[in-house]
2 protein chains.
Amino acid sequence: MKRLKATIAYDGSGFSGYQIQLKTRTVQLELLRVLKELHKGQQVEVVASGRTDSGVHATGQVIHFDTPFTIPKDSWMRALNVRLPQDIRVHDIEEAAPDFHARYHADGKIYRYKWTRSKIISPFTRHHLVHVPQAIDVSRMQQAAQALLGTHDFSSFCAANTNVVDKVRTIWRIDFEEHGEELHMVIEGSGFLYNMVRIIAGTLLEVGLNRREPEELAEIVAARDRDAAGKTAAAHGLYLEKVHYSR
Amino acid sequence: MKRLKATIAYDGSGFSGYQIQLKTRTVQLELLRVLKELHKGQQVEVVASGRTDSGVHATGQVIHFDTPFTIPKDSWMRALNVRLPQDIRVHDIEEAAPDFHARYHADGKIYRYKWTRSKIISPFTRHHLVHVPQAIDVSRMQQAAQALLGTHDFSSFCAANTNVVDKVRTIWRIDFEEHGEELHMVIEGSGFLYNMVRIIAGTLLEVGLNRREPEELAEIVAARDRDAAGKTAAAHGLYLEKVHYSR
């Protein structure tokens, strides 16, 4: 058996998230279906770096699976992409160490959150950009973000309905990029709690819209209380962009 | 009564074209529904510059309708955009002459056809760009396009199932634009026959892929036979970008 590591992209708008569920279309369901077909009816387990919620996109999700086949990379890419629906694409595939694990070995991730500041939302990007027609003060968002950098207990930025006990995570950077009407928040860290990126995006946006002060962020972190932070930003602005593996 | 002229955009991927039909979702159906709602149940007629096919997009379709209301432009925009589905947006609205006619007074149109040359199609643009992974020689397409400029009988570039008798049209320009991996054909003319832009795009692409010679285009025009031209390019690459009115 060989262990393969694949990098995939998907448009979250047609899926009820990554993880398999009863009666709904998910990314994992499509991957399992195609791998089973390629393995002549044999079920193949697929492990991702983490789940993504309904509507959330990925440009660099990483998965692993085991296969007895020895097939060149280009043939694997073609075999998968021909069978997968067009809203999932395999961008890379390579043989990994036999003990490589897409989830347990992930030691960092980059997420990107995208807003559009167009006066009128474009019909073409309505599932891929979150529309904010009001004026945004990006420098206030940058200032507020400083309080989140480093290692903290991020309980205030974690959806209340979670079983995770250790809520300490490290954020290495939060950058804002302006691409014409689009405003992106790029966040890189050791790992993220449930809804953490979306709660950070929602809270920093409130600062950008002058509804909160940049100085409040340190207090919000210290509160360790979800109610202290702002609204969870919409799912369809979020992209899982990269998963880091040092091993 | 006032006659209003509105410029609208729509993502064609969720519609069975512009024109109202039984039992399918069309752009006109949504416009009529919203205008009826705004006019307290009174049916309001809507006239577009022309229909667009299933899957075809618009960034600058023009419509007109009559209303007894005197409402400022911004209020009209808001009233319409709040009620319309997000895959249709009104970009502009203004009072027109009482005899203005979106269809009969249109004396030119710009269409844009978009291909992407990415190795792997993006899940995010699969309904908005036509994927051509093979190498395209754009200079051959430019050369071939010259034979289409000017006034010709475009029977060879008209879907066979049409009742139009006069197939003489004038093309003012055909430009190719490269935006990173995207290749756009921008075509401007006095008017276009049914499927004309898509048949031109499909035929010129065959030249770009070395499946036809640039010199063939003059012969194809002269043949006045649909079978002489190439394949009709896919609907989802086509955008109605602008409608010209000199009156």
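Chain A appears in an unreviewed UniProt entry as tRNA pseudouridine synthase A from Planococcus dechangensis. UniProt lists a comment for chain A under the heading Subunit (unreviewed entry), and it reads "Homodimer." What the UniProt record of chain A gives under Catalytic activity (unreviewed entry) is the line "uridine(38/39/40) in tRNA = pseudouridine(38/39/40) in tRNA".

(A) Geometry of the overall build of chain A. Per the secondary structure count, chain A includes five helices and ten strands. Its C-alpha atoms give chain A principal-axis dimensions of about 60 × 40 × 30 Å. Counting over 247 residues, chain A shows a buried share of 57%. Put simply, of all contacts in chain A between residues at least 6 apart along the chain, 71% involve residues at least 24 apart. Surface accessibility of chain A: about 11,300 Å² in total, with carbon and sulfur atoms responsible for 48%. Considering chain A, the positive charge centre built from 32 side chains and the negative charge centre built from 30 side chains are found 6 Å apart.

(B) Quick peek at the UniProt feature "domain: Pseudouridine synthase I TruA alpha/beta" (unreviewed entry) in chain A. Residues and elements named next belong to chain A. Under the feature "domain: Pseudouridine synthase I TruA alpha/beta" (unreviewed entry), the UniProt entry names residues 6-104 and 144-246. Taken end to end, residues 6-104 comprises 23% helix and 27% strand; its first and last C-alpha atoms sit 15 Å apart. The distance separating the terminal C-alpha atoms of residues 144-246 is 30 Å; by composition the span is 22% helix and 31% strand.

(C) The pattern of salt bridges, seen in detail. Inspection of the entire model under this criterion finds 38 salt bridges over all chains. Across the pair Glu177(A) and Arg112(A) runs a salt bridge, and its minimum N-O distance is 2.9 Å. A residue pair is termed long-range when its members are at least 10 positions apart, and Glu177(A) in strand E8 (residues 168-179) and Arg112(A) in strand E5 (residues 106-116) qualify at 65 residues. Owing to a relative accessible area of 25%, Glu177(A) belongs among the partly exposed residues under this scheme. Here Asp92(B) ties to Lys73(B) by a salt bridge, and the two come within 2.6 Å at their closest N and O atoms. Taken together, the residues Asp92(B) in strand E4 (residues 88-96) and Lys73(B) in helix H2 (residues 73-83) connect sequence positions 19 residues apart. Each of the salt bridges in this network shares a partner with another, and the network as a whole consists of Asp11(A), Arg25(A), Glu30(A), Arg33(A), Glu37(A), Arg83(A), Asp87(A) and Arg126(B).

(D) Looking closely at the packing of aromatic side chains. All names here are of chain A. Scanning the model with the defined rule gives 16 aromatic pairs over all chains in all. Their ring planes at 35° and their centres at 6.5 Å tell us that Tyr 10 and Tyr 18 sit as a pair that is tilted. Note on Tyr 10: relative accessible area 1%, which makes it buried. An aromatic cluster of at least three residues, connected via ring pairs, comprises Tyr 10, Phe 15 and Tyr 18. Over the ring of Tyr 239 we find Lys 114, and its NZ or CZ is 4.3 Å from the ring centre.

(E) Representation of the UniProt feature "binding site: substrate" (unreviewed entry) in chain A in the model. With numbering matched to this structure, UniProt assigns "binding site: substrate" (unreviewed entry) to Tyr111(A). For Tyr111(A), the contacting residues outside a window of four places in its chain are Met185(A), Val186(A), Ile187(A), Phe192(A), Val197(A), Leu238(A), Tyr239(A), Leu240(A) and Glu241(A).

(F) Expanded view of unusual backbone geometry. All names here are of chain A. Notably, Asn 195 is not glycine yet its phi reads approximately 70°, a positive angle. Here Asn 195 shows up in the loop between strand E9 (182-189) and helix H4 (196-208). Asn 195 gets classed as buried once you look at its relative accessible area, which sits at 17%. In this model, Asn 210 sits at a positive phi of 65°, which is unusual for a non-glycine residue. Mapped onto the fold, Asn 210 is located in the loop between H4 and helix H5 (216-223).

(G) Molecular detail of the side chain of Ser49(A). Residues and elements named next belong to chain A. Of note, Ser 49 is situated in the loop between strand E2 (47-48) and strand E3 (57-67). For Ser 49, a relative accessible area of 4% translates into the label buried. Among the polar contacts made by the side chain of Ser 49, one reaches the side chain of Gln 61 at a distance of 2.6 Å. The contact partners of Ser 49, leaving out residues within four places of it in the chain, are Gln 61, Val 62, Ala 102, Arg 103, Lys 109, Leu 240, Val 243 and Tyr 245.

(H) Examining the environment of Ala233(A) more closely. Within the element layout of this structure, Ala233(A) appears in the loop between H5 and strand E10 (238-245). Apart from residues no more than four positions distant in its own chain, Ala233(A) is found in contact with Tyr113(A), Arg198(A), Ala201(A) and Gly202(A).

(I) Spotlight on the side chain of Gln28(A). Residues and elements named next belong to chain A. For Gln 28, the location among the structural elements is in helix H1 (residues 27-38). Classification of Gln 28 by relative accessible area gives buried; the value is 13%. The residues contacting Gln 28, other than those within four sequence positions of it, are Tyr 18, Gln 19, Ile 20 and Val 46.

Here is what the cut-offs are and how they apply
Residues numbered from 1 in each chain as written. Chains lettered and ligands numbered in written order. Predicted model: local features only at pLDDT ≥ 70, side-chain atom pairs only at ≥ 80, totals over all residues. Heavy atoms only, no water. UniProt positions renumbered as here; feature names shortened; annotations may be inferred. Helix = DSSP H or I, 4+ residues; strand = E, 2+ residues; numbered from the N terminus. Buried < 20%, exposed > 50% of the residue type's maximum accessible area, 1.4 Å probe, protein only. Contact = heavy atoms within 4.5 Å. Areas by Shrake-Rupley, 256 points an atom, 1.4 Å probe, with all protein chains shown as cover. Lys, Arg positive; Asp, Glu negative; His and termini not counted. Charge placed at Lys NZ, Arg CZ, Asp CG, Glu CD. Salt bridge = Lys/Arg side-chain N within 4 Å of Asp/Glu carboxyl O. Phe/Tyr/Trp six-rings, centres within 6.5 Å; stacked < 30°, edge-to-face > 60°. Lys NZ or Arg CZ within 6 Å of the ring centre and 35° of its normal. Polar contact = N/O pair within 3.5 Å; in protein donor to acceptor, adjacent residues only side chain to side chain.

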